[in-house]
Amino acid sequence: MKRLLSVILAGIVFWTLSFAVEVSEILQRWENSTYKAERIFLEKYGDDAVRMRYEIVYKWETNKIVKVDSPQEIVWLRNDDGCWIGSEVLYMVPIDIKDLEDIALEAAQEASDVKLKEDNDGYTLVYSTDRGSFFIKLSKDFLPLLIRRKLMKLTMEMEYKEYYSEVPKEEEVKKEFKLSDKKAFPDEIARILRRLEWFSIEREPDSIVIKGVYRNRMISIDITPLRRGRFRRFGRYFVFSKDKEFMEDLLGQ
């Protein structure tokens, strides 16, 4: 009986280790993939209207160039030297730019439990972390087909519609744009954005309003160079949020 139990336990341990290696290999192959693809990104918060973007993405392992064609033409680029965003001229961004694919991959690498299912179409990964709940569909070639993330009332979905058979070299695509050493936005804004798990930015007549997820709750931040009142000085700006913990974190109190 003891021998039978030992064999069963050994089998369970072996299966668990094999599963862990398999997931790790899938994630590594995904991260190191190179491709050119068309994709659609959808984002919805609660009952609000869906926001949609149509994008063409070039990926060379961890380097990326993403062209957003709709609703507004914009390009962002990330490589070992940093990140840039703009149109014909790309300006330096003082934070890492990460899309839903990057966040989903990072969360999978951090997750303590990744449920894996393999079928004829590829691989399905399901997992949850502090960064949300994720559902991932990968092809047999470890390329993303569908990425879905749920965070609080937020639902984000990225569907890959078409992959190109030929992928141009990174330098060929990069030379279409001029990279500027000027910053796209000030360091003060970057320090705010780094603290948020998700954010959207709206421009008001005399201020910028950032709505974002901070420590599993939605907060609103008002940034202006014009008004004082209850706003706290933050570099060249005045910043205010009703969330006291965020303000203390930001201002170092």
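From a predicted model like this one, the values you see are computed outputs, not experimental measurements. (Residues numbered from 1 in each chain as written. Predicted model: local features only at pLDDT ≥ 70, side-chain atom pairs only at ≥ 80, totals over all residues. Heavy atoms only, no water.)

Quick word on the pattern of salt bridges
So, point 1. Throughout the structure, instances matching the rule amount to 26 salt bridges.
So, point 2. The salt bridge involving Asp99 is made with Arg39; its shortest N-O contact spans 2.9 Å. Here the residue Asp99 occupies a position in the loop between strand S6 (89–93) and helix H2 (100–110), and Arg39 occupies one in strand S1 (residues 34–45), the gap between them amounting to 60 residues.
So, point 3. Judged by relative accessible area, which is 7%, Asp99 ranks as buried.
So, point 4. For Arg217, the salt bridge goes to Asp243, with nearest N and O atoms at 2.6 Å. One end of the pair, Arg217, is in the loop between strand S14 (207–213) and strand S15 (218–224); the other, Asp243, is in the loop between strand S17 (237–240) and helix H5 (244–251), with 26 residues separating them in the sequence.
So, point 5. On the basis of relative accessibility, which here comes to 14%, the residue Asp243 falls in the buried class.
So, point 6. One connected set of salt bridges, linked through shared partners, spans Arg39, Arg53, Glu55, Lys64, Arg78, Asp99, Glu101 and Asp102. (Salt bridge = Lys/Arg side-chain N within 4 Å of Asp/Glu carboxyl O. Helix = DSSP H or I, 4+ residues; strand = E, 2+ residues; numbered from the N terminus. Buried < 20%, exposed > 50% of the residue type's maximum accessible area, 1.4 Å probe, protein only.)

As for the pairing of strand S13 (residues 198–204)
The two faces of a sheet get side chains in turn, since along a regular strand they alternate between them.
So, point 1. Looking at chain direction, S13 and S14 are connected through 7 bridges and run antiparallel. By the bridge assignment for S14, Ile201 is matched with Ile210.
So, point 2. The antiparallel pairing of S13 with S14 creates a hairpin that spans 2 residues between the two strands. (Pairing = 2+ DSSP bridges.)

Observations concerning a nonpolar patch on the surface
So, point 1. A contiguous nonpolar surface patch, about 260 Å² in accessible area, is contributed by Leu42, Val50 and Met52.
So, point 2. Tracing the backbone shows Met52 in strand S2 (residues 51–60). (Patch = residues over 30% accessible without salt bridge, like charges linked within 9 Å, V, L, I, M, F, W, Y side chains within 5 Å. Areas by Shrake-Rupley, 256 points an atom, 1.4 Å probe, with all protein chains shown as cover.)

Quick notes on the pairing of strand S3 (residues 63–70)
So, point 1. Among the 8 residues of S3, 6 are classified as buried, and the element is accordingly described as predominantly covered.
So, point 2. With 7 bridges joining them, S2 and S3 adopt antiparallel strand pairing. Within the sheet, the bridge partner assigned to Ile56 lies in S3 and is Lys67.
So, point 3. What sits between S2 and S3 in their antiparallel hairpin is a turn of 2 residues, with Glu61 showing a positive phi close to 55°.
So, point 4. Sheet topology note: the S3/strand S4 (residues 74–79) ladder contains 5 bridges and is antiparallel. Bridge pairing in S4 links Ile65 to Leu77.
So, point 5. Connecting the antiparallel pair S3 and S4 is a turn made up of 3 residues.

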